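Survey of secondary and tertiary structure
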Amino acid sequence: METGEKAEKTKSQSGSAEKIRTSLFHRLLDKRILLNPKDDLKFLLHRLIFIARISPELADKRDLGGYYEQLYQDLQRYYQGDGVTGLLLLYPSYILHIVESSNDVLFSVLRDLGHMQRQGHSALILEPRILVISHDIPNRLFQQWSYKVLSVPARRLAAAEQTESHEKLVSESLTMLMKLGVEMLKTPKRSKNSADSVLDKEPELIVPQDNIEQLLKNEALLTPLQYLDTYDCPINVVMDSDRVWPPYEHFLPIP
């Protein structure tokens, strides 16, 4: 009996230890749950912001909004539970796109952009570049995904603005977008016209079209294909054989 009780006790302790064991993923997910107790959280949240030039052959910019709307519906059916939120701003000649979702969804978007890059001038958007990818963000800035067609007049940058560093342009643009997201969080949930109401009320939060034009010239910003090539490349791992002294060649038979 004592042996059986000891075995049962050991099994119970082992089970408790297994429950205590965790990973970085679960730690980060627990942190998100604490900040968002009302949400059903199953994945870590990431944010992608990219810019691009609209194809001059695209007659109606709303077609681009419809394209991404369909893409996200397809991705949410494939990755069930991975909700997509964000905002697509359609300028007269450019786009600025914010997407918040799981890692799987964001990389599907990047691969779709890479496919467009390979299409060349026949694609809906041209010359896409990534402004930033933020990983493991605590909460969303947007309550849903939507798009807005802007009729922003072209504004020529002054000479002083043209000499601004690309780092400053990126920083200013991201700051404006974060402020825009904070304002949109204040709108009623599931409001279909939240983007319209906020942008009409706070037009100064719209990133100027000329800023996007300047940023697209910045080769320091990676294209989706460049990012994916880096992501897909194997990591250079130092093998144990590289740490052996003398080198392993010395163990080979001498001819």
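Presented here is a report on the structure given in the accompanying data block. Keep in mind it's a predicted model, so treat the numbers as computed, not measured. (Residues numbered from 1 in each chain as written. Predicted model: local features only at pLDDT ≥ 70, side-chain atom pairs only at ≥ 80, totals over all residues. Heavy atoms only, no water.)

Before going further, it helps to spend a moment on the overall build of the chain. When its secondary structure is counted, the chain shows nine helices and five strands. Of the regular secondary structure in the chain, the N- to C-terminal order runs α-α-β-α-β-β-α-β-β-α-α-α-α-α. Per-residue burial over the chain gives 40% buried out of 255 residues. Pairs at least 24 residues apart make up 81% of the contacts formed inside the chain by residues separated by at least 6 positions. In the structure as shown, the chain presents an accessible area of about 16000 Å², 54% of it carried by carbon and sulfur atoms. (Helix = DSSP H or I, 4+ residues; strand = E, 2+ residues; numbered from the N terminus. Buried < 20%, exposed > 50% of the residue type's maximum accessible area, 1.4 Å probe, protein only. Contact = heavy atoms within 4.5 Å. Areas by Shrake-Rupley, 256 points an atom, 1.4 Å probe, with all protein chains shown as cover.)

A separate point is the environment of Val-105. For Val-105, the location among the structural elements is in helix 4 (residues 103-119). For Val-105, a relative accessible area of 0% gives the class buried. Val-105 sits 33 residues away from Tyr-72 along the chain, and the two C-alpha atoms are 8.4 Å apart.

Moving on, we get to the pattern of salt bridges. The tally for this structure, following the rule as stated, stands at six salt bridges. Between Glu-127 and Arg-53 there is a salt bridge, with its nearest N and O atoms 3.2 Å apart. Here the residue Glu-127 occupies a position in strand 4 (residues 125-134), and Arg-53 occupies one in strand 1 (residues 46-54), the gap between them amounting to 74 residues. The class for Arg-53 is partly exposed, based on a relative accessible area of 26%. (Salt bridge = Lys/Arg side-chain N within 4 Å of Asp/Glu carboxyl O.)

With that settled, the discussion passes to helix 9 (residues 224-232). Turning to helix 9, its buried residues are Pro-224, Leu-225, Tyr-227 and Leu-228. Buried residues of helix 9, seen end-on, are gathered within an arc of 160 degrees and therefore sit on one face of the element. Where helix 9 is buried, its residues meet helix 4 and strand 4. (Arc of directions from axis to C-beta.)

This part is about the packing of aromatic side chains. Enumeration over the complete set of coordinates arrives at seven aromatic pairs. Each ring, one from Tyr-78 and one from Tyr-79, has its centre 4.8 Å from the other, and the planes form 85 degrees; the classification is edge-to-face. With a relative accessible area of 66%, Tyr-78 lands in the exposed category. Relative to Tyr-147, the ring of Trp-145 lies with its centre 6.2 Å away and its plane at 45 degrees, an arrangement referred to as tilted. When its relative accessible area of 28% is taken as the criterion, Tyr-147 is described as partly exposed. Through pairs of rings, three or more aromatic residues link up here, namely Tyr-67, Tyr-68, Tyr-72, Trp-145 and Tyr-147. (Phe/Tyr/Trp six-rings, centres within 6.5 Å; stacked < 30°, edge-to-face > 60°.)

Functional significance is not addressed by these values, which are geometric in nature.
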